[in-house]
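# Chain and residue survey
Now for the letters of each chain:
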2 protein chains.
Amino acid sequence: MTFMTAARTSTPADRPRPGLRERKKIKTREAIRTATYELIEEQGYDATTIDQIAERAEVSPSTVFRYFPTKEDIVLTDEYDPLIMEELRARPAEEPWTESVRYVMRRAVQLGVDEDATVSRLRTRLMVEVPAVRSRMMESMSVTGRMLCQAVAERTGRDPDSLEVRVYAMSLIGGLMETSLYWAENGHREDLADLIDRTLDVLEHGLPRENP
Amino acid sequence: MTFMTAARTSTPADRPRPGLRERKKIKTREAIRTATYELIEEQGYDATTIDQIAERAEVSPSTVFRYFPTKEDIVLTDEYDPLIMEELRARPAEEPWTESVRYVMRRAVQLGVDEDATVSRLRTRLMVEVPAVRSRMMESMSVTGRMLCQAVAERTGRDPDSLEVRVYAMSLIGGLMETSLYWAENGHREDLADLIDRTLDVLEHGLPRENP
DNA sequence: CTCGATTTTGAGAGTTACTTTCATTTCATG
DNA sequence: CATGAAATGAAAGTAACTCTCAAAATCGAG
């Protein structure tokens, strides 16, 4: 769900003490990411090289690649999928599936925007403007899609690998993806939660009768 | 619609005489493509370099890039979208929209498989196996999506840029994409036309009641 | 056919993302 | 503190893609 949420930037108060090594690792990761965001804001995505990122983050270029396999990943790495999955599982079993989806998606959006609206917008903007970023994001869609398959299967007792479940999941993801593109293309003016609602309406009931 | 059809390989008998220059260009294009297919069959996608392709196609590396902007494009360049668009427009206006889609998609698949089943399968296989190819293919999805928006808008008198139309188009594309992935992952055993039918059923009516 | 304009091609050098290897440093643990 | 494991940096290498410019092929008109 990279396409609608900010990345989780810190480990609030998870486990007791992750050890110095772990903490340093997280710090480095964050340093690289914020350096990248800054540089992109300053000079744009393409003009920003890995070397510049490394320099500003005060690590070596090789370290950058050790943390992120590709440049796009620095912007896009997503740690929310598991959260969404959890929330989806936590919904009451009697709740209609479409309701659960609606609830969880709205919540995911809210989380992302709350945490850091600037990053959220930068990301979706890059998604519209930089083909490589968009590609990478779509790539992550399939992963989210598989996860959704799993969730649908658990909830409704279907085979997660069946064509039907997979098609359902993918069309959902595709639709939501288009929603965030739409949001960004229109300058983030409209309320994303509303857009999500309208999107789910289309997916559930098809196109509405009229469109003035 | 790259993801389900082969590329149009020749200009059957279009216009009277395109001139030597044009004909040579088409030939070069084809040479590059078949060289690429061969090399990939022999050694796999990643192991195949542009230089090798250039050598076998008997052109210079720069020429390869002049014809195709990226390596993935050599495999994936799609010339079917306009055809699909045409066919969609040619359907009678009274026909329900979903019927038109069903008819045209099945036809597109048939065309692709008829023309060259081997290439059709190689493509979908690469789509499953090579991330870069899958990305590039997804990238082309958005283009096809915009086109579909246009078609939906024309047929039903809606705004092609409205959220609803865009979401509808994208979920359709996403679903079909997943269908070809499914087809390839299962070794191309099932009949693609049947899969398409089941896909459209899901998109039109949601997940079926039960799934034994 | 020939000449000049236009287009296509090739050669080569350059940029940059990404990989790989290996020695060095840094941290955890007994 | 000593020993082992993990993180880091330096450096060289690969391959996709870009750019430039000169040579060659094609076309159109006289």
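So, here's what we can say about the structure.

So, how was this worked out
Counting of residues starts from 1 at the beginning of each chain's written sequence and follows it residue by residue. Working convention: letters from A go to chains and numbers from 1 go to ligands, in the order in which they are written. A pLDDT threshold of at least 70 governs which residues receive local features in this predicted model, and a stricter bar of 80 or more applies before side-chain atom pairs are shown or counted, although totals over entire chains, interfaces and linings include all residues. Excluded from the side-chain calculations are hydrogens and water; all other atoms, namely the structure's heavy atoms, are used. The contact definition used throughout considers only heavy atoms, calling two residues in contact when any of these lie within 4.5 Å. Once two parts are brought into contact, the accessible area they lose, counted with a 1.4 Å probe and summed over both, makes up the buried area. What counts as a salt bridge is simple: a side-chain nitrogen of Lys or Arg found within 4 Å of a carboxyl oxygen of Asp or Glu. Superposing the copies works by least squares over the C-alpha atoms of residues that have pLDDT at least 70 in both of them. Centres within 6.5 Å make a pair out of two Phe, Tyr or Trp rings, where for Trp the six-membered ring is used; the pair is then stacked when the planes are under 30 degrees apart, edge-to-face when over 60, and tilted otherwise. Geometrically, a charge over a ring is one whose NZ (Lys) or CZ (Arg) sits within 6 Å of the ring centre while staying within 35 degrees of the ring normal. We count a stretch as a helix when DSSP gives it H or I for four or more residues in a row; a strand needs E for two or more, and each element gets its number in order from the N terminus. Take the residue count of a helix, subtract one, and multiply by 1.5 Å to get its expected span. A simple rule labels every residue: compare its accessible area, found with a 1.4 Å probe on the protein chains alone, to the largest value its type can have, and call it buried under 20%, exposed over 50%, or partly exposed in between. Axes, fitted as lines to C-alpha atoms, cover a helix only where it is in contact. Angles between the N-to-C directions of the axes lie from 0 to 180 degrees. Angular relationships are summarised with four words: roughly parallel below 35 degrees, roughly antiparallel beyond 145, roughly perpendicular across 65 to 115, and oblique for the angles in between. Here is the rule for handedness: rotate from the far helix to the near one, and if that takes an anticlockwise turn smaller than a right angle the crossing is left-handed, while a clockwise turn gives right-handed.

## Focus on the interface of chain B and chain A
Each partner contributes to the interface: chain B provides 38 residues, whereas chain A provides 38 residues. A buried area of about 3500 Å², summed over both sides, lies between chain B and chain A, and 59% of it is on carbon and sulfur atoms. In terms of surface lost to chain A, no three residues of chain B exceed B:L163, B:R166 and B:L207, which account for 19% of the buried area on that side. When the shortest N-O distance is used, the salt bridge between A:R166 and B:E178 registers 2.8 Å.

## A short note on the relation of the copies chain B and chain A
For the pair chain B and chain A, the superposition axis carries a translation of 0.1 Å, the fit reaches an RMSD of 0.1 Å, and the rotation angle comes to 180°. One copy is carried onto the other by what is essentially a two-fold rotation axis. It is B:S171 whose C-alpha, among those of chain B, lies nearest the rotation axis, at 2.0 Å. When the interface residues of chain B are mapped onto chain A, 100% of them again lie at the interface, so the same face is used by both copies.

## Considerations on the packing of aromatic side chains
Counted by the stated rule, this structure contains 0 aromatic pairs over all chains. In this structure, B:K71 is placed above the aromatic ring of B:Y45, and the distance from its NZ or CZ to the ring centre is 4.5 Å.

## Re helix α6 (residues 97-115) of chain B
Residues and elements named next belong to chain B. The end-to-end C-alpha distance of α6 is 27 Å, a good match for the 27 Å that 19 residues give at a rise of 1.5 Å each. Among all positions of α6, only W97, S100, V101, R102, V104, M105, A108, V109 and G112 are buried. Against the buried residues of α6 lie α5 (81-90), α7 (117-129), α8 (131-156), α9 (163-185) and α10 (192-205).

## A short note on the packing of helix α6 (residues 97-115) of chain A against helix α10 (residues 192-205) of chain A
All names here are of chain A. It is the contact of α6 with α10, at a shortest axis distance of 10 Å, that shows an interaxial angle of 155°. In terms of axis orientation, α6 runs roughly antiparallel to α10. Where α6 crosses over α10, the two elements pack in a sense that is right-handed. Here T98, V101, R102, M105, R106 and V109 of α6 come into contact with α10, specifically with L192, A193, I196, D197, L200, D201 and E204.

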